[in-house]
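# An overview of the molecular structure
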Amino acid sequence: MCQLRHVTGRNERHIPVVVLAGFLGAGKTTLLNHVLRNAGGRRIGVLVNDFGSVDIDSLLVSGASGGTVSLPGGCMCCTTDAEGLGDAIAALSAAEVGLDAILIEASGIAEPPALIRLVLAARSATASYGGLVYVIDSSQFLSTIAGHPMVGGHVAVADLVVLNKADLVDGDEMARVRDVVREVNSTASLISVSDALIDPGLLFDDAPDRPMDDGPRQLSLDELLHDDHHDHSHLHAEFESVSLDRVGPVDPRRLARFLERPPAGAYRIKGTVLVDLPGHADQAYVIQAVGGVVRVSRQPWGDLGPATSLVVIGSGLDVASAEAALAGVLGRDADDEHGILHLTRHLA
Ligand SMILES: Nc1nc2c(ncn2[C@@H]2O[C@H](COP(=O)(O)OP(=O)(O)OP(=O)(O)O)[C@@H](O)[C@H]2O)c(=O)[nH]1
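Residues numbered from 1 in each chain as written. Predicted model: local features only at pLDDT ≥ 70, side-chain atom pairs only at ≥ 80, totals over all residues. Heavy atoms only, no water.

For clarity, the threshold we go by: UniProt positions are given in the numbering used here, feature names are shortened, and annotations may be inferred rather than shown by experiment.
In the annotation of an unreviewed UniProt entry, the entry for the chain reads CobW C-terminal domain-containing protein, and the organism field reads Gordonia malaquae NBRC 108250. Looking at the chain in UniProt, the text filed under Catalytic activity (unreviewed entry) is "GTP + H2O = GDP + phosphate + H(+)".

Structure below.
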């Protein structure tokens, strides 16, 4: 159980809590280690059922006590079970811990649909659901889903399906795997990779600028392992994004609908928007959405002043139709008095 102290307090940042699941041997640990190694300065917390079940690059673990281990670069790893999950998320997302994202490795904690419910129920003031990443062994998937139909139910609730072990299948088999995944989940982001080499930027934002530390410090995992990873840009599978950059006001009803039913292939949507209505334009609406789970908050406009900036990040996005759908949130239906309620009901 995670022993970190939970401190309540005001914190504008919402840390994404990403759930990682997949059938036995699909590549979950490979993905976890890859993301930790290529965190790019992001500080990532990991929640697992027990340390023994996940072979995190534990040789690099710098300290362990009371169910918590510290990883170099400020990362944390905690053990928990389903009952303790809410407390563990609250503890890890406390501002003083200074994490940028939390990853939960599902095995042994709960089934993916139950785990999503637990994360949503945890709804800590500083953490928000960051999506379910479901890893598939593409070479085994067709027989796995035939033998274990519950796998279909797990794929169905995924926001990103990682079609891993692409090196073991030819193009035709990968196409069949994609078709079967699409039959049970028509909207998730899909990405084909080997060795789970996804770009962590698909899952989380870049690390915030942190003050330079002139004194001695722990090396981060990616620095420690740099010799293994000479050229990161060629290692990662690409993702797509479409965006609006400092444009005019949005129609709140159409925006809410877009966020609740994002375009196929979208993984997450974020940004700040201008709602040009009396009492609403004085502050920015801050938007975060993953798989139709929407979180809205309000904050003062920054130095650049009121404008709408939104980005949709995904893999397998149809860029042209995603751009058209995104542009469709702009403008305002003058007669729609109650449209704003569709957005404000998502206020955290
Ligand atoms: N050929 C190939 N092997 C892979 C790939 N990704 C992972 N592996 C191997 O597949 C095996 C299982 O990978 P893990 O990352 O341990 O899978 P897991 O989902 O964490 O496994 P469990 O925790 O046992 O369910 C390991 O031997 C990996 O090295 C890949 O893309 N291609």
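## Considerations on the sheet that holds strand 10 (residues 240–247)
Heads up, the condition is: Strands are treated as partners if at least two bridges between them are detected by DSSP. Secondary structure counts use DSSP, requiring at least four H or I residues in a row for a helix and at least two E residues in a row for a strand, with both numbered from the N terminus. For helices, the axis comes from a line fit to the C-alpha atoms of the stretch in contact; other axes are also lines fit to C-alpha atoms, and the angle between any two N-to-C directions lies between 0 and 180 degrees.
Read from one edge of the open sheet, five strands run 10-14-11-12-13, paired in antiparallel fashion. The open sheet has two edge strands, strand 10 and strand 13 (293–300), and neither has a second partner. Neighbour-to-neighbour, the strand axes of the sheet open up by a mean angle of 10°, direction not taken into account. With eight bridges joining them, strand 12 (residues 283–290) and strand 13 adopt antiparallel strand pairing.

## Some remarks on the site of the ligand
Convention followed: Near, as used in this document, describes a residue that has one of its heavy atoms within 4 Å of the molecule or strand being considered. Counted as a polar contact is a pair of N or O atoms within 3.5 Å, where, for protein atoms, one must be capable of donating a hydrogen and the other of accepting one, and residues adjacent in sequence contribute only when both atoms are in side chains. Calculation of accessible area relied on Shrake-Rupley with a 1.4 Å probe; when residues are assessed, cover is drawn exclusively from the protein chains displayed. As a working rule, the residues Ala, Val, Leu, Ile, Met, Phe, Trp, Tyr, Cys and Pro are called nonpolar, Asp, Glu, Lys and Arg charged, and the rest polar, with Gly in that last group.
Near the ligand you find 14 residues, and of these Lys28, Thr29, Thr30, Asp167 and Asp195 are the closest. Within the side chain of Asn164, an N or O atom sits 3.1 Å from a nitrogen atom of the ligand. One of the side-chain nitrogen or oxygen atoms of Asp167 is found 2.8 Å away from a nitrogen atom of the ligand. Against a free-state accessible area of 650 Å², the protein chains account for coverage of 65% of the ligand. The greatest single-element share of the shell around the ligand, amounting to three residues, is contributed by helix 1 (residues 28–37). In terms of residue class, the shell around the ligand is made up of four nonpolar, six polar and four charged.

## A few points about the domain arrangement of the chain
Our working definition: The split into domains, and so the bounds of each, comes from an automatic or database assignment of domains. Any two residues having at least one pair of non-hydrogen atoms within 4.5 Å are treated as being in contact. Two parts placed together each lose some accessible area under a 1.4 Å probe, and the buried area is that loss summed for both. Salt bridge, as used here, is a side-chain nitrogen of Lys or Arg placed within 4 Å of a carboxyl oxygen of Asp or Glu.
Structurally, the chain comprises domain 1 (15–203) and domain 2 (240–344). Tallying the contact residues gives 22 residues for domain 1 and 15 residues for domain 2. For the pair domain 1 and domain 2, the summed buried surface comes to about 1,300 Å²; carbon and sulfur atoms form 49% of the total. Contact with domain 2 buries area across many residues of domain 1, yet Asp159, Ser189 and Leu202 alone supply 30% of it, more than any other trio. Taken together, the links from domain 1 to domain 2 amount to zero salt bridges. Linking domain 1 with domain 2 are nine residue pairs in polar contact (both at pLDDT 80 or more).

## Thoughts on the pairing of strand 11 (residues 266–273)
For a regular strand, side chains alternate in direction, first toward one face of the sheet and then toward the other. The criterion, for reference: Between buried and exposed lies partly exposed: a residue is buried under 20% and exposed over 50% of the maximum accessible area for its type, with that area taken using a 1.4 Å probe on protein chains only.
With six of eight residues buried, strand 11 lies mostly within the body of the structure. Taken together, the six bridges between strand 11 and strand 14 (residues 308–314) define a ladder with antiparallel strand orientation. Bridge assignment links Ile269 to a residue of strand 14, and that residue is Val312. Judged from the six bridges that link them, strand 11 and strand 12 form a sheet pairing that is antiparallel. Following the sheet pairing, Ile269 is matched in strand 12 by Ala289.

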